[in-house]
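Inside the fold
Next come the chains, spelled out residue by residue.
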Amino acid sequence: MTAPRHPELLAPAGSLAMMRTAFAYGADAVYAGQPRYSLRVRNNDFGRLDTLAAGIAEAHAAGKQFYLVSNIVAHNAKLRTYLDDMAEVVALRPDALIMADPGLIMLVRERWPELPVHLSVQANTTNWAAVRFWQSAGVRRVILSRELSLDEVAEIRDACPNMELEVFVHGALCIAYSGRCLLSGYFNHRDPNQGTCTNSCRWDYKLHEATEDGAGDARPSGATPLGNPKGSGTVGTAVQGPPALGGGPRHLGGSKVWLLEEGSRPGERMPVEEDEHGTYILNSRDLRAIEHVRRLVDIGVDSLKIEGRTKSPYYVARTAQGYRRAIDDALAGRPFDPRLLGELEGLASRGYTDGFYQRHHTPDQQNYLRGHSESGRSLYVADLAGFDAARGLAELSARNTFGLGDRLEFVQPGGNVETVVDRLEDADGHPIERVPGSGHRAWLPLPAGVDAAAPCFIARFL
């Protein structure tokens, strides 16, 4: 039996701080993109060439990989500027370009044939024949579509043994084949495939029953909309039944027409059809597939990818740490540690799903996953800001409220430490019972095992 491949853990980087955090907590590589040519315009510090140069240089000095995302589906205007704009970026020697547009891939392969190209998930590669096609076009790695099952990934690996394969294991899911959504562009002319998606699938919607008139136009047929919890991005269900992937109604009585009303546009009702499979323009749960890491390692996937370039350093610390442990356990033959589910549960999410990796779960497995998730839930409450040697106390910069009696977890690259708060002081050394929240500082004894000089995020168990 051949030894399993050692998969790369690939983390998102929207800033240098995220990149440094990802590496500190176990990532082997990061991906970042320039706003004009990648699908993340907002919260992206790598639009500056000097920042990008610093990131690539730091990564290489640490023996890590830095991939540059250039995965727009280009219109002619961007095609005219692409090669000139990318010349100074390629000169910085990123380890690969992550690309989706066949035309841009052709231009890059002609201009810089030595530069590795990874095929973006935006290309929606769902079968082994497509992988072989891209291999023949000079692509080194294919990031497979999120819509594949574990068995389908295994079949592609068997058919393409010499191709690098990458899959997503954590982060947001699209209500479309990854990235192929027009909803944001339809609402406010900010197109997902040009990097300006506003996540319209996650807005607050109401659903109105409708009937078609003689001209085929949809007209409201009920006075009261089918509501949803404000801000959930999912339509509430008025009919009982198994939930769809995003938590919405699976089936509301055969094919018919509904009118969709977005919360900030009252009175503007858009027709949407629904069939026995549900509606597909509303919010999905977030992907969490840490329980499938062992199978992905056994399959021989080369890279496990975390989504979230617009997230916080705490997000990348928690996800990188958790998936690093899951990968290392799988390689060492250790069983999956279900506590990892709860540690990820503390991150802000839309609720979790393992996406399409395993289509049908047994009730026993669902209860198992849910129980471990709920038991380990926590909330990010502070950063370790320093250590006051004169007072012998650690200084905490609060993000959320915490106080005496709370059980805290100090999350560090070298391992996490738990403690119960039995002493809190303000800046003047006066005892306090509670820290109100963000913007406040507090001092407490540094728990044994915590390194005051290392990166540290602090969570409160709920």
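The name recorded for the chain in an unreviewed UniProt entry is U32 family peptidase, from Pseudothauera nasutitermitis.

Sheet topology note: the strand E18 (residues 407-411)/strand E19 (residues 417-420) ladder contains 4 bridges and is antiparallel. By the bridge assignment for E19, Arg 407 is matched with Val 420. Here E18 folds back onto E19, and the loop between the two strands holds 5 residues, one of which, Gly 415, carries a positive phi near 135 degrees.

So, about the pattern of salt bridges. On inspection of all chains with the given rule, the structure shows 23 salt bridges. Notably, a salt bridge pairs Arg 399 with Asp 383, separated by 2.8 Å at the nearest N-O pair. With Arg 399 in the loop between strand E16 (393-398) and strand E17 (402-403) and Asp 383 in strand E15 (residues 378-388), this pair connects stretches of sequence that are 16 residues apart. Under the relative-accessibility criterion, Arg 399 is labelled partly exposed at 43%.

Within strand E7 (residues 164-171), 7 of the 8 residues are buried, which leaves the element mostly enclosed by the surrounding structure. Sheet topology places strand E6 (residues 141-143) next to E7; 3 bridges connect them, and they run parallel. Its bridge partner being in E7, Ile 143 is matched across the sheet by Glu 166. The handedness of the E6 to E7 crossover, carried by helix H6 (residues 150-159), is right-handed. Two strands pair when backbone bridges link them, and E7 and strand E13 (residues 303-306) are joined in this way by 4 bridges, in the parallel orientation. Within E13, the residue paired with His 170 across the bridge is Ile 306. Here E7 pairs with strand E12 (residues 286-288) via 2 bridges, running antiparallel. In the sheet register, Gly 171 faces E12, and the bridge partner there is Leu 287.

Tracing the backbone shows Arg 269 in strand E11 (residues 269-274). Overall, the relative accessible area of 36% leaves Arg 269 in the partly exposed class. Distance from Arg 269 to Leu 207, taken between C-alpha atoms, is 8.9 Å for residues 62 residues apart in sequence.

As summarised here, the arrangement of the 6 strands in space is E19-E18-E22-E15-E16-E21, forming an open sheet in which the pairing is antiparallel. At either end of the open sheet lies a strand with only one pairing partner, and these are E19 and strand E21 (441-444). Neighbour-to-neighbour, the strand axes of this sheet turn through a mean angle of 35 degrees, independent of strand direction. Sheet topology note: the E16/E21 ladder contains 4 bridges and is antiparallel.

For any two aromatic rings, the description comes down to two numbers: the centre-to-centre distance and the angle of the planes. Per the counting criterion, the structure on display carries 7 aromatic pairs. With 6.0 Å between their ring centres and 50 degrees between their planes, Tyr 25 and Phe 457 make a pair best called tilted. Here the residue Tyr 25 occupies a position in the loop between helix H1 (16-24) and strand E2 (29-33), and Phe 457 occupies one in strand E22 (residues 457-461), the gap between them amounting to 432 residues. What makes Tyr 25 buried here is its relative accessible area of 3%. Residue class for Phe 457 comes out buried when judged on its relative accessible area of 9%. Centroid distance Phe 46 to Phe 66: 5.7 Å. Interplanar angle 75 degrees. Geometry classified as edge-to-face. Highlighted residues: Phe 46 in the loop between E2 and helix H2 (49-61) and Phe 66 in strand E3 (residues 65-70), separated in sequence by 20 residues. Given the relative accessible area of 0%, Phe 46 is considered buried. Accessibility expressed as a relative area gives 0% for Phe 66, which makes it buried.

Our next topic: the nonpolar core. In this structure, Phe 66, Tyr 82, Leu 144, Val 167 and Leu 296 are the most contacted members of the largest nonpolar core, which totals 91 residues. The biggest single contributor to this core is helix H9 (residues 313-332), with 9 residues. Split by domain, this core shows at least three residues from each of two domains, domain 1 (8-179 + 285-365) and domain 3 (378-461). Filtering out sequence-adjacent residues up to four positions away, Leu 144 remains in contact with Val 121, Thr 125, Val 131, Val 153, Ile 156, Leu 165, Glu 166 and Val 167.

Criteria and cut-off values
Residues numbered from 1 in each chain as written. Predicted model: local features only at pLDDT ≥ 70, side-chain atom pairs only at ≥ 80, totals over all residues. Heavy atoms only, no water. Pairing = 2+ DSSP bridges. Helix = DSSP H or I, 4+ residues; strand = E, 2+ residues; numbered from the N terminus. Salt bridge = Lys/Arg side-chain N within 4 Å of Asp/Glu carboxyl O. Buried < 20%, exposed > 50% of the residue type's maximum accessible area, 1.4 Å probe, protein only. Right-handed = clockwise from strand over helix to strand, strands pointing away. Axes fitted to C-alpha atoms, helices over the stretch in contact; angles between N-to-C directions. Phe/Tyr/Trp six-rings, centres within 6.5 Å; stacked < 30°, edge-to-face > 60°. Core = buried A, V, L, I, M, F, W, Y, C linked by side-chain atoms within 4.5 Å. Domains from an automatic or database assignment. Contact = heavy atoms within 4.5 Å.

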